[in-house]
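Observations on chain architecture
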Protein chains: 2
Amino acid sequence: MSPRSPELSIAELTSVLENFTRMSIRLPSVQRLSFTTLSVLHTLSQRGPKRLTELTASEQVTQSAITQIVTKLERDGLVRREPDPSDGRAVLVHVTPAGAAIVDGRRAERIARLTELADQLTPAERAAIAAALPALARLVELSQQQH
Amino acid sequence: MSPRSPELSIAELTSVLENFTRMSIRLPSVQRLSFTTLSVLHTLSQRGPKRLTELTASEQVTQSAITQIVTKLERDGLVRREPDPSDGRAVLVHVTPAGAAIVDGRRAERIARLTELADQLTPAERAAIAAALPALARLVELSQQQH
DNA sequence: GAAACTAATTAAGTTTCTTATCTACCTTTG
DNA sequence: CAAAGGTAGATAAGAAACTTAATTAGTTTC
């Protein structure tokens, strides 16, 4: 509530984000999907169909691992492979409605949990977070462009 | 810049935090330590010595997994086991200087990366994040009390 | 002080990844 | 256009990181 533009402490921001990471990472999932598998679903759901090689880059695991994950997800009906019309070697992985439902369901859990916590903050605290949201979103955007 | 206390959208906050999680989770680590192993080191470094059962609760894996992780960390000189004077069955796991150095090193990497990104924000954006930091930290605190 | 409980370990098996190799398609170049 | 090299994905085998189940040792309770 002091609008004197205090300097941003990146160390503190880092620490806060670290804790959010560790807080959300262990959310129980109904289906037993590994972290990487969930991340693949999330990526496909958020950014649309992707090749296996693109997923390899974004998820930071080996191409072989992505093949195995996609195979398992396809067997469970959560994604489907489609040929890439522009390249006969490539495959485009699409998320199915069932797959999207899992991503949405997990997001709903997180929203519910955060809502409970945010309810315990003061209105001023909530306003401060709201005011920072666009900047935080920009930070994420910048990070995605970069690498 | 509009200090009219706009309502906080938890859905947007959730989305932003999700992306931060996925952004930081795949940071390359010099030593090949699993996510859970790094999380144990982080917990010990941040909250001091803990019993194996306490780590089991905070890391959300089985007690057996914690035993194996601690054994491996001890073999590598990153933690050490000490008897709990108040309970002959229990063991207190302490992080060693070498273990703390790994945690600090990884934090330094994250800080460096975030600093680069934050430099690309406007001063107003940085100020907005700075103003929200205490509230975000409180949110983390509340979450840790709860569960 | 016997029974029930709790903290940690050990053993064995499963899941999730990696490395190495392979096939198929694409692109380039002589 | 045919051969050479490059890229996308799949497969096999093995390593790493977990799980479940059973065991040991110490603690609490009645």
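Heads up: these notes are all about the structure in this document. (Residues numbered from 1 in each chain as written. Chains lettered and ligands numbered in written order. Predicted model: local features only at pLDDT ≥ 70, side-chain atom pairs only at ≥ 80, totals over all residues. Heavy atoms only, no water.)

A few words on the protein's contact with DNA strand C. Near DNA strand C there are 22 residues, and of these A:Thr62, A:Gln68, A:Gly88, B:Leu52 and B:Thr53 occur at the shortest range. Here DNA strand C approaches the protein such that, of its atoms within 4 Å, sugar and phosphate make up 67%. Interatomic distance of 2.7 Å between a side-chain N/O atom of A:Thr62 and a phosphate oxygen of DNA strand C. Measuring from a phosphate oxygen of DNA strand C, one finds a backbone N or O atom of B:Thr53 at 2.8 Å. Looking at the surface near DNA strand C, the elements that each hand over two or more residues are helix H4 (63-75) of chain A together with helix H3 (52-59) and helix H4 (63-75) of chain B. For the surface near DNA strand C, the element with the most residues is H4(A), which contributes five residues. Among the residues forming the surface near DNA strand C, the class breakdown is six nonpolar, ten polar and six charged. (Near = heavy atom within 4 Å. Polar contact = N/O pair within 3.5 Å; in protein donor to acceptor, adjacent residues only side chain to side chain. Helix = DSSP H or I, 4+ residues; strand = E, 2+ residues; numbered from the N terminus. Nonpolar A, V, L, I, M, F, W, Y, C, P; charged D, E, K, R; others polar.)

With that settled, the discussion passes to the relation of the copies chain A and chain B. The two copies are related by a screw motion: chain A maps onto chain B through a turn of 180° and a shift of 0.1 Å along the axis, at an RMSD of 0.1 Å. Accordingly, the operation relating the two chain copies is best matched by a two-fold axis. Judged by C-alpha distance, A:Thr21 is the residue of chain A that lies nearest the rotation axis, at 2.4 Å. Same-surface contact between copies: 100% of interface residues of chain A are shared with the interface of chain B. (Least-squares fit on C-alpha atoms with pLDDT ≥ 70 in both. Contact = heavy atoms within 4.5 Å.)

All right, on to the interface of chain A and chain B then. Across the contact, 62 residues belong to chain A and 62 residues belong to chain B. A buried area of about 6000 Å², summed over both sides, lies between chain A and chain B, and 67% of it is on carbon and sulfur atoms. Inspection of the chain A/chain B interface yields six salt bridges. Of the charged contacts in the structure, one is a salt bridge between B:Arg110 and A:Glu18, with a shortest N-O distance of 2.8 Å. Inspection of the chain A/chain B interface yields ten residue pairs in polar contact (both at pLDDT 80 or more). The set of elements that each furnish at least two residues to the side of chain A that touches chain B consists of helix H1 (10-24), helix H2 (35-47), helix H5 (97-118) and helix H6 (123-146) of chain A. With 19 residues, the top contributor of residues to the side of chain A that touches chain B is H6(A). Looking at side-chain class alone, the side of chain A that touches chain B contains 30 nonpolar, 19 polar and 13 charged residues. (Buried area = accessible area lost by both parts, 1.4 Å probe. Salt bridge = Lys/Arg side-chain N within 4 Å of Asp/Glu carboxyl O.)

Once that is clear, we can look at the nonpolar core. Core analysis: the biggest nonpolar cluster contains 40 residues, and A:Ile129 and B:Ile129 have the highest contact counts within it. Elements with a contribution of two residues or more to this core: H1, H5 and H6 of chain A together with helix H1 (10-24), helix H5 (97-118) and helix H6 (123-146) of chain B. Leave out the neighbours within four places in its chain, and A:Ile129 touches A:Leu121, B:Leu8, B:Leu13, B:Ala132, B:Ala135, B:Leu136 and B:Leu139. (Core = buried A, V, L, I, M, F, W, Y, C linked by side-chain atoms within 4.5 Å. Buried < 20%, exposed > 50% of the residue type's maximum accessible area, 1.4 Å probe, protein only.)

All names here are of chain B. Assignment of secondary structure puts Asp87 in the loop between strand S2 (79-83) and strand S3 (91-95). Looking at Asp87, the relative accessible area reads 14%, which means it is buried. Among the polar contacts listed, one links the side chain of Asp87 to the side chain of Arg89, at a separation of 2.8 Å.

Our focus in this paragraph is H3(B). Along H3(B), the residues classified as buried are B:Leu52, B:Leu55, B:Thr56 and B:Glu59. Looking down the long axis of H3(B), one finds its buried residues gathered within 105° of arc, a one-sided arrangement. Against H1 of chain A together with helix H2 (35-47), strand S1 (50-51), H4 and S3 of chain B lie the buried residues of H3(B). (Arc of directions from axis to C-beta.)

Attention now moves to the environment of A:Leu52. All names here are of chain A. Checked against the element boundaries, Leu52 lands in helix H3 (residues 52-59). In this structure Leu52 comes out as buried when scored by relative accessible area, which is 15%. In this structure, the C-alpha to C-alpha distance between Leu52 and Leu92, residues 40 residues apart in sequence, is 7.3 Å. Not counting residues within four places of it along the chain, the set of residues in contact with Leu52 comprises Ile66, Thr67, Val70, Val91 and Val93.

Once that is clear, we can look at the protein's contact with DNA strand D. In the vicinity of DNA strand D, 22 residues are found, and the nearest of them are A:Leu52, A:Thr53, B:Thr62, B:Gln68 and B:Gly88. For DNA strand D, a phosphate oxygen lies 3.1 Å from a polar atom in the side chain of B:Ser34. Taken together, the elements giving at least two residues each to the surface near DNA strand D come down to H3 and H4 of chain A together with H4 of chain B. With five residues, H4(B) is the largest single contributor of residues to the surface near DNA strand D. Its residues assigned to classes, the surface near DNA strand D comprises six nonpolar, ten polar and six charged.

Our focus in this paragraph is H3(A). Buried residues along H3(A) sit against H2, strand S1 (50-51), H4 and strand S3 (91-95) of chain A. Trailing H3(A) by a residue or two, A:Gln60 shows a phi angle of about 60°, which is positive.

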